[in-house]
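Now for the letters of each chain:
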Amino acid sequence: SGRALEGEVRGKRNTLLGLTFKPNTDDMREAPSISIIQALQDEGAEICAYDPEGMDQARGLLENVEFADNPYDAAADADALALVTEWDEFRALDLGRIAERMAGPVLVDLRNIYSPEEAERAGFAYSGVGVPSGAAAAGKSGTTSALEKRTIYLPVFYTPLRAHDTPEQLVCRLLLENTTPSPPP
């Protein structure tokens, strides 16, 4: 997250696992990885990526990206890793091995493939997209407003998803901002 990266990604190595817009395809149309990579590169980040099927398509669309042969090579020396597409291959990663290869084991799990406990046991600082809880879900009056329905808290850092955030904006914000932990309302 940005907190772990101290709000600065310039010169930091960020790895994305999953480039296609959904698993089991090589289709890159409207893939969130494209805007995530562009935003991180705009801030000076170095990008390494891996996708089981979409590498050839991605090479034609993405500039200044290092493409790895597998998730473990992609994680080597990374300061942060974002799981962007929920490929089955990513559900069976050896998280301890991934964390050991990284310079700063920060995991931003946009698909909630792993539980916070599992990631933390492997040595990661973990951020995953969760669901509203308690008062945030029900509101004070017992009804839920449209904004409250879109407010999502990350299990570890409790960073609220803004009503207009897309998944790619969320991961960029997590990697770029200095997030201060605070409990959900």
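The rules behind the values
Residues numbered from 1 in each chain as written. Predicted model: local features only at pLDDT ≥ 70, side-chain atom pairs only at ≥ 80, totals over all residues. Heavy atoms only, no water. Pairing = 2+ DSSP bridges. Helix = DSSP H or I, 4+ residues; strand = E, 2+ residues; numbered from the N terminus. Axes fitted to C-alpha atoms, helices over the stretch in contact; angles between N-to-C directions. Contact = heavy atoms within 4.5 Å. Phe/Tyr/Trp six-rings, centres within 6.5 Å; stacked < 30°, edge-to-face > 60°. Lys NZ or Arg CZ within 6 Å of the ring centre and 35° of its normal. Salt bridge = Lys/Arg side-chain N within 4 Å of Asp/Glu carboxyl O. Buried < 20%, exposed > 50% of the residue type's maximum accessible area, 1.4 Å probe, protein only. Polar contact = N/O pair within 3.5 Å; in protein donor to acceptor, adjacent residues only side chain to side chain. Core = buried A, V, L, I, M, F, W, Y, C linked by side-chain atoms within 4.5 Å.

Read across the open sheet, the six strands follow the order β3-β2-β1-β4-β5-β6; overall the sheet is parallel. Every interior strand has two partners, whereas the edge strands, β3 (65–67) and β6 (125–128), have only one. The mean inter-strand angle of the sheet, taken between neighbouring strand axes irrespective of direction, is 20°. Inspection of the sheet shows strand β1 (residues 13–17) paired to strand β2 (residues 46–50) by five bridges, in the parallel sense. Paired with N14 across the bridge in β2 is I47. Helix α1 (residues 32–42) contacts β1, β2 and β3 of the sheet and is inclined by roughly 180° relative to β1.

Now for the packing of aromatic side chains. In this structure the tally under the stated criterion is one aromatic pair. Arranged with centres 6.2 Å apart and planes meeting at 65°, the rings of Y50 and F90 form a pair that is edge-to-face. Of this pair, Y50 sits in strand β2 while F90 is found in helix α4 (residues 88–91), placing the two residues 40 residues apart along the sequence. Over the aromatic face of Y72 sits the side chain of R97, whose NZ or CZ is 3.7 Å from the ring centroid.

Pairing between side chains of opposite charge can happen when the charged atoms of each approach one another. Going through the model one piece at a time under the given rule, you end up with six salt bridges. With its nearest N and O atoms 3.6 Å apart, the salt bridge here joins R59 to D56. With a gap of three residues between them, R59 and D56 both fall in helix α2 (residues 55–61), about one helical turn apart. Look at R59 and you get partly exposed, because its relative accessible area is 44%. Residue R101 pairs with D73 through a salt bridge whose shortest N-O separation is 3.8 Å. One end of the pair, R101, is in helix α5 (residues 95–101); the other, D73, is in helix α3 (residues 71–75), with 28 residues separating them in the sequence. With a relative accessible area of 33%, R101 lands in the partly exposed category.

Here strand β5 (residues 106–109) pairs with β6 via four bridges, running parallel. Each residue of the ladder has a partner; that of V106, found in β6, is A125.

Another aspect to go through is the side chain of S33. By the secondary structure assignment, S33 is in helix α1. The exposure class assigned to S33 is buried, which follows from its relative accessible area of 0%. A distance of 2.6 Å separates the side chain of S33 from the backbone oxygen of L19, its partner in a polar contact. Apart from residues lying up to four places away in sequence, S33 is in contact with L16, G18, L19, M28 and V84.

Turning next to the nonpolar core. Membership of the largest hydrophobic core comes to 47 residues, with the highest contact counts inside it found for L19 and F124. Discounting residues that sit within four places of it in the chain, L19 has contacts with M28, A31, S33, I37, A49, Y50, D51, M55, A58, F67 and T85.

To continue, consider the environment of Q41. Relative to the assigned elements, Q41 resides in helix α1. Along the primary structure Q41 and N14 are separated by 27 residues, whereas in three dimensions their C-alpha atoms are 9.7 Å apart. Among all residues touching Q41, those that are not within four sequence positions of it are I47, E63, N64 and V65. Within the structure, Q41 has its side chain in polar contact with the backbone oxygen of E63 (distance 2.9 Å).

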